[in-house]
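Chain residues, written in single-letter form:
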Protein chains: 2
Amino acid sequence: MPEPGVFYGVGVGPGDPELLTLKALRTLKAASVIAVPKSSDGGSSRALSILKGVMDISGKEVMELLFPMTKDKALLGASRADAASRIACALNEGKDVAFITLGDPMLYSTFSYLVPLVRERSGAGVRVIPGITSFSAGAARLCLPLAESDERIIIIPAAHDIGEIKKALEGFDTVILMKVNREIDRLIDLLCAEGLDGNAMFFSRAGWPDEEVVSCGVRELKGRRLDYFSTIIVKRNP
Amino acid sequence: MPEPGVFYGVGVGPGDPELLTLKALRTLKAASVIAVPKSSDGGSSRALSILKGVMDISGKEVMELLFPMTKDKALLGASRADAASRIACALNEGKDVAFITLGDPMLYSTFSYLVPLVRERSGAGVRVIPGITSFSAGAARLCLPLAESDERIIIIPAAHDIGEIKKALEGFDTVILMKVNREIDRLIDLLCAEGLDGNAMFFSRAGWPDEEVVSCGVRELKGRRLDYFSTIIVKRNP
């Protein structure tokens, strides 16, 4: 039996391939297997297209892993178990496996669900290479300070009920709403009702050729079909 | 009069020089002036020592800028005005100036205070290159997911009064306490009183040779003198 490989979680940032860190690029160049999450068979992986912007992946073993966009817990569990088994199999052959994730691997990523499952199936070590978050990239794009001095920030997924989001908007200097795509209409209604529409900024795929940035007021997005990886930042006192 | 240069805010991450992004490195290599914040005359700049880990700065004009650690508003204002004037002077000579900042330039950084002051003094454009935050690097180092699924995160500077921090600990899945160095004793008392000491993780200078990481319980840090750039993460359900 060879020594098991290392299981890497590598953040590739939100869109612009140049937002990979030097460490992420070095790790990905050295790994024999690149594990790539996809939400549908035959679909494309945004994380992989970011990677192709900075390195040649020919010669790499690309392991496509299917994670359907569903709330069906049994289906989710089965897809994660299957992915972990395939990853563990490669690790147990002595290969290093680098799982690429949009943004940062420790922030709302599939990678963190896989870690315990892979550990059950392999004695491999786990290492995480952090990535630029969507909100850091969006704030940079807009030159919008997320926080100064003693300001407080809340990061909240938009799926929370509207009362929770209203409380966040009332209580914090900066509110970062994650994964807003399915919730955009009710969020816009709330922001308008609170008089905060003009303080809200939207972005998806910051720094990518198909980026979308709305820097002043988001009501124009009502009824739109948006990218999964979309974020809104609201500043109480911009 | 030459065209003014561009004023760049460049995040260099929290410690490990390999956590610079490809874009940060390219920007810093191309800029003629590297502006370096320091807290004392004759002291060293951590941001600059990170940079020296990945590039040769000989041949660059290094502009040292003094920002004393003080709450005296007049003194702070004067030091920022002086820095902005020196930066604007270089920009107006047509030089690109890259101001390096620990972590991310849009998160608790001096850079965001300088932007309006530099704009008053120069017609230069401003661009921001995001950086890896201390908490992303710390979470990666510990393989600690900051948030999964619909979990909510609060980012709060430790200078807030203890009641505010208690409320944060009671209400959130993940609490990121920034700049904990001066507050460490009262934070540890609070964490112990709330039964959360075992859920708290401390780190400073993640990935740097002199990094300090305490992954399980922080009470051992009581009474210690800590680095300015220190962070605690508390997970309610780790």
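Residues numbered from 1 in each chain as written. Chains lettered and ligands numbered in written order. Predicted model: local features only at pLDDT ≥ 70, side-chain atom pairs only at ≥ 80, totals over all residues. Heavy atoms only, no water.

Caption draft 1: Geometry of the environment of B:A24. Residue and element names in this part refer to chain B. Its location among the elements puts A24 in helix α1 (residues 22–30). The sequence separation of A24 and G131 amounts to 107 residues, and the corresponding C-alpha distance is 8.1 Å. Not counting residues within four places of it along the chain, the set of residues in contact with A24 comprises V10, G11 and I129. (Helix = DSSP H or I, 4+ residues; strand = E, 2+ residues; numbered from the N terminus. Contact = heavy atoms within 4.5 Å.)

Caption draft 2: Here's a closer look at the interface of chain B and chain A. Between chain B and chain A, the residue contacts involve 48 residues of the former and 48 residues of the latter. Summed over both sides, the interface between chain B and chain A buries roughly 4,200 Å², with carbon and sulfur atoms accounting for 62% of that surface. Per-residue buried area on chain B facing chain A is highest for B:E18, B:L22 and B:M106; these three make up 16% of the total on that side. In this structure, the salt-bridge partner of B:K23 is A:D16, at a minimum N-O distance of 2.7 Å. The interface formed by chain B and chain A contains 32 residue pairs in polar contact (both at pLDDT 80 or more). Listing elements by their share of the side of chain B that touches chain A, those giving two or more residues are α1, α4 (111–121), β5 (125–129), α5 (134–142) and β6 (153–157) of chain B. Considering each element in turn, the side of chain B that touches chain A owes the most residues, 5 residues, to β6(B). Among the residues forming the side of chain B that touches chain A, the class breakdown is 30 nonpolar, 7 polar and 11 charged. (Buried area = accessible area lost by both parts, 1.4 Å probe. Salt bridge = Lys/Arg side-chain N within 4 Å of Asp/Glu carboxyl O. Polar contact = N/O pair within 3.5 Å; in protein donor to acceptor, adjacent residues only side chain to side chain. Nonpolar A, V, L, I, M, F, W, Y, C, P; charged D, E, K, R; others polar.)

Caption draft 3: Highlighting the sheet that holds strand β3 (residues 61–66) of chain A. Residue and element names in this part refer to chain A. Strand order in the open sheet formed by 5 strands is β3-β2-β4-β1-β5, and the pairing between neighbours is parallel. Edge positions in the open sheet fall to β3 and β5 (125–129), since each of these has one partner strand only. Geometrically, the sheet is characterised by an average inter-axis angle of 25° between neighbouring strands, direction not taken into account. Of the strand pairs in this sheet, strand β2 (residues 33–38) and strand β4 (residues 97–101) are connected by 3 bridges, and their pairing is parallel. In the strand pairing of β4, I34 is matched with A98. Where helix α3 (residues 73–92) meets the sheet, it contacts β1 (6–11), β2, β3 and β4, and its direction lies at approximately 160° from that of β3. (Pairing = 2+ DSSP bridges. Axes fitted to C-alpha atoms, helices over the stretch in contact; angles between N-to-C directions.)

Caption draft 4: Seen up close, the relation of the copies chain B and chain A. Note on the copies: chain B fits chain A at an RMSD of 0.0 Å, the axial shift is 0.0 Å, and the rotation between them is 180°. Here the two chains are linked by the operation of a two-fold rotation axis. Across chain B, the smallest distance between a C-alpha and the rotation axis is recorded for B:T21, namely 1.9 Å. The residues that chain B uses at the interface reappear at the interface of chain A in 100% of cases, marking a shared surface. (Least-squares fit on C-alpha atoms with pLDDT ≥ 70 in both.)

Caption draft 5: Up close: the confidence of the model for chain A. Considering every residue of chain A, the mean pLDDT works out to 93; 99% of them sit at 70 or more. Model confidence for the complex: the whole-complex pTM is 0.96, and ipTM, which rates the interface, is 0.95. (pLDDT = per-residue confidence, 0-100.)

Caption draft 6: Broad picture of the pattern of salt bridges. Enumeration according to the criterion identifies 40 salt bridges over all chains in this entry. In this structure, A:E170 and A:K166 form a salt bridge, with 3.4 Å as the shortest nitrogen-oxygen distance. Linking A:E170 with A:K166, this pair stays in helix α6 (residues 162–171), spanning 4 residues, or about one helical turn. On the accessibility criterion, A:K166 (35% relative accessible area) is partly exposed. In this structure, B:R186 and B:E183 form a salt bridge, with 2.7 Å as the shortest nitrogen-oxygen distance. With relative accessibility at 30%, the residue B:R186 sits in the partly exposed group. Here the salt bridges do not stand alone but share partners, grouping A:R46, A:R205, A:D210 and A:D227 into one network. (Buried < 20%, exposed > 50% of the residue type's maximum accessible area, 1.4 Å probe, protein only.)

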